[in-house]
Amino acid sequence: MDEIMIGTCIKNRREALGMSQEELCEGYCSVSTISRIENNSQIPSRSLAKGLLGRLGLSDDLLAIMVDQKSTTTRALVREIRNDLIRYHRAQDKERVWIQEQIKEKLLELEKIVKPKDRSAQQFLLAQKALLGGPEGAYDSSQKLEMQLNAIQMTHPRFDPEDFQHSHYSLDETRLIGQIAGTYAEMGQRKRAIDMYRQLLKYVEKNDKALSGYADHFCFIAHNYSIDLASEKRYSEALELAECGHKTAINEGSYQLLPGFLAIEAECLYFLGEKERSKELYLQAYYTYAAFEDKSNQAAMQQEIKERLGIELTK
């Protein structure tokens, strides 16, 4: 069976969130379609149901009763790709190339089985292609940004990078918005990136705390946001945000970005004149990167400690 009746569930959740039918359906379907679904006079397709549930902050586990072999394969591939992306970001250069090729192969496999009307899956595909590059290599920042904006506009046609926090997004969509902010930073549009991170962090803190994956996503936003703030020499703001991310990483067991938060705190304290505390945190960052076997960032910390603190560290 390709469809499922979940109209009452959708209506109850939408009303509990104080969301209008127009806000829920934007980018997915018409208001009249939502009305028919909520009245249980129309059964949504699997792809539409998944998109609506995601926007409502509900797990797509609710779709389990309509699983068939193709949808099982799709979900399994998406899950594998997400896990591979985590490995990719943690890996060193040679391993990263190998993981990247694996991900590209899985994206091609996913592309073959995803239906054109499955906007969530199509959005996922385009967003990952933007990050990983095409057959001829990485996309430049302007190409990447165009792809990412096209991806978010699949489900939010009126998405505006300057004012987006008043809409409703799934966790995957907020991840994509974070990637868009990062691309603006790459392009030197750091103030726009900072404003996007500000809006995004506010949205995620308000709406996504109960969702699985919240802690990792909060840390990702806070980490990149604090880096951009520090780059603009807004050290006090960057320090406060990095300390919040540090605390969240510890409390929620989301350790991937912990050494990054330590490094940002150390940098900010150095420029704020707190040299002893900066030294303590620089050393913590260095040895945490060492424990994570992140040789690239460990070397960067080694150089920074030498230049700023005059301390020679040996590996």
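Residues numbered from 1 in each chain as written. Predicted model: local features only at pLDDT ≥ 70, side-chain atom pairs only at ≥ 80, totals over all residues. Heavy atoms only, no water.

K.L.:
So, the overall build of the protein: which residues are in play, and what are the values?
P.N.:
Per the secondary structure count, the protein includes 15 helices and zero strands. Across its three principal axes, the protein shows a C-alpha extent of roughly 70 × 40 × 35 Å. When burial is assessed residue by residue, the protein has 47% of its 315 residues classed as buried. For the protein, long-range pairs separated by at least 24 residues make up 61% of all intrachain contacts whose partners lie at least 6 apart in sequence. For the protein, the exposed surface amounts to about 16,100 Å²; the carbon and sulfur share of it is 48%. For the protein, the distance from the average position of its 42 positive side-chain charges to the average position of its 48 negative side-chain charges is 2 Å. (Helix = DSSP H or I, 4+ residues; strand = E, 2+ residues; numbered from the N terminus. Buried < 20%, exposed > 50% of the residue type's maximum accessible area, 1.4 Å probe, protein only. Contact = heavy atoms within 4.5 Å. Areas by Shrake-Rupley, 256 points an atom, 1.4 Å probe, with all protein chains shown as cover. Lys, Arg positive; Asp, Glu negative; His and termini not counted. Charge placed at Lys NZ, Arg CZ, Asp CG, Glu CD.)

K.L.:
Can you tell me about the packing of helix 12 (residues 235-252) against helix 13 (residues 258-271), naming the residues and giving the values?
P.N.:
Between helix 12 and helix 13, the least distance of the axes is 9 Å, while the angle of their chain directions is 155 degrees. As summarised for this structure, helix 12 and helix 13 are arranged roughly antiparallel, according to the angle between their axes. Helix 12 and helix 13 meet at a crossing whose hand is left-handed. For the pair helix 12 and helix 13, the contacting residues are Tyr235, Ala238, Leu239, Ala242, Glu243, Gly245, His246 and Ile250 in the first and Leu258, Phe261, Leu262, Ile264, Glu265, Cys268, Leu269 and Phe271 in the second. (Axes fitted to C-alpha atoms, helices over the stretch in contact; angles between N-to-C directions. Parallel < 35°, antiparallel > 145°, perpendicular 65-115°, else oblique. Left-handed = near helix turned anticlockwise from the far one by under 90°.)

K.L.:
Account for unusual backbone geometry, naming residues and giving values.
P.N.:
Phi is positive for Lys233, which is not a glycine, with a value near 65 degrees. You can call Lys233 exposed: its relative accessible area is 63%. Located in the positive-phi region is Glu293, a residue other than glycine, with phi close to 60 degrees. Mapped onto the elements of the fold, Glu293 is located in the loop between helix 14 (275-291) and helix 15 (295-309). Its relative accessible area of 61% is what places Glu293 among the exposed residues.

K.L.:
So what's going on with the nonpolar core? Residues and values would help.
P.N.:
By size, the foremost hydrophobic cluster in this structure holds 56 residues, and its most contacted members are Phe159, Ile177, Ile180 and Met196. Ile177 has contacts with Ile152, Phe159, Phe164, Tyr169, Met196 and Leu200, leaving out every residue within four places of it along the chain. Tyr88, Val114, Phe124 and Leu132 belong to the second largest nonpolar core, which has 15 residues in total. (Core = buried A, V, L, I, M, F, W, Y, C linked by side-chain atoms within 4.5 Å.)

K.L.:
Just give me the short version of helix 8 (residues 141-152), but keep the residues and values in it.
P.N.:
Helix length check: helix 8, at twelve residues, gives a terminal C-alpha distance of 16 Å against a target of 16 Å (1.5 Å per residue), a fit within 8%. Considered for burial, the residues of helix 8 that qualify are Lys144, Leu145, Met147, Gln148, Leu149, Ala151 and Ile152. Looking at the packing, one finds that the buried side of helix 8 touches helix 7 (119-132) and helix 9 (171-186). (Expected span 1.5 Å × (residues − 1).)

K.L.:
Now, about the environment of His89: what can you tell me, with residues and values included?
P.N.:
Secondary-structure assignment places His89 in helix 5 (residues 69-90). Overall, His89 belongs to the partly exposed group, its relative accessible area being 49%. As a C-alpha pair, His89 and Tyr214 span 125 residues in sequence and 18 Å in three-dimensional space. For His89, the residues in contact, after removing those within four places along its chain, are Arg96 and Gln256.

K.L.:
Tell me about a nonpolar patch on the surface, and please be specific about residues and values.
P.N.:
The grouping of Ile250, Tyr255 and Phe292 at the surface amounts to a nonpolar patch, some 290 Å² of accessible area in total. As for its position among the elements, Phe292 is in the loop between helix 14 and helix 15. Assessed through its relative accessible area of 41%, Phe292 is described here as partly exposed. (Patch = residues over 30% accessible without salt bridge, like charges linked within 9 Å, V, L, I, M, F, W, Y side chains within 5 Å. Salt bridge = Lys/Arg side-chain N within 4 Å of Asp/Glu carboxyl O.)

K.L.:
I'd like to hear about the pattern of salt bridges, residue by residue, with values.
P.N.:
Within this structure, the stated rule accounts for 17 salt bridges. Ionic pairing is found between Glu80 and Lys106, a salt bridge with its closest N-O pair at 3.3 Å. Here Glu80 is found in helix 5, whereas its partner Lys106 is found in helix 6 (residues 93-113), with 26 residues between them in sequence. Exposure remark for Glu80: the relative accessible area of 37% places this residue in the partly exposed category. The closest approach of N and O atoms between Arg175 and Asp172, which form a salt bridge, is 2.8 Å. Taken together, the positions of Arg175 and Asp172, both in helix 9 and three residues apart, correspond to about one turn of that helix. We classify Arg175 as partly exposed; its relative accessible area is 30%. Residues joined by salt bridges that share partners form a network here, namely Arg14, Glu15 and Glu38.

K.L.:
Now, about the side chain of Thr33: what can you tell me, with residues and values included?
P.N.:
By the secondary structure assignment, Thr33 is in helix 3 (residues 31-38). Its relative accessible area of 11% is what places Thr33 among the buried residues. Discounting chain neighbours no more than four positions away, the residues touching Thr33 are Gln42 and Leu48.

Shape descriptors only; they carry no functional weight alone.
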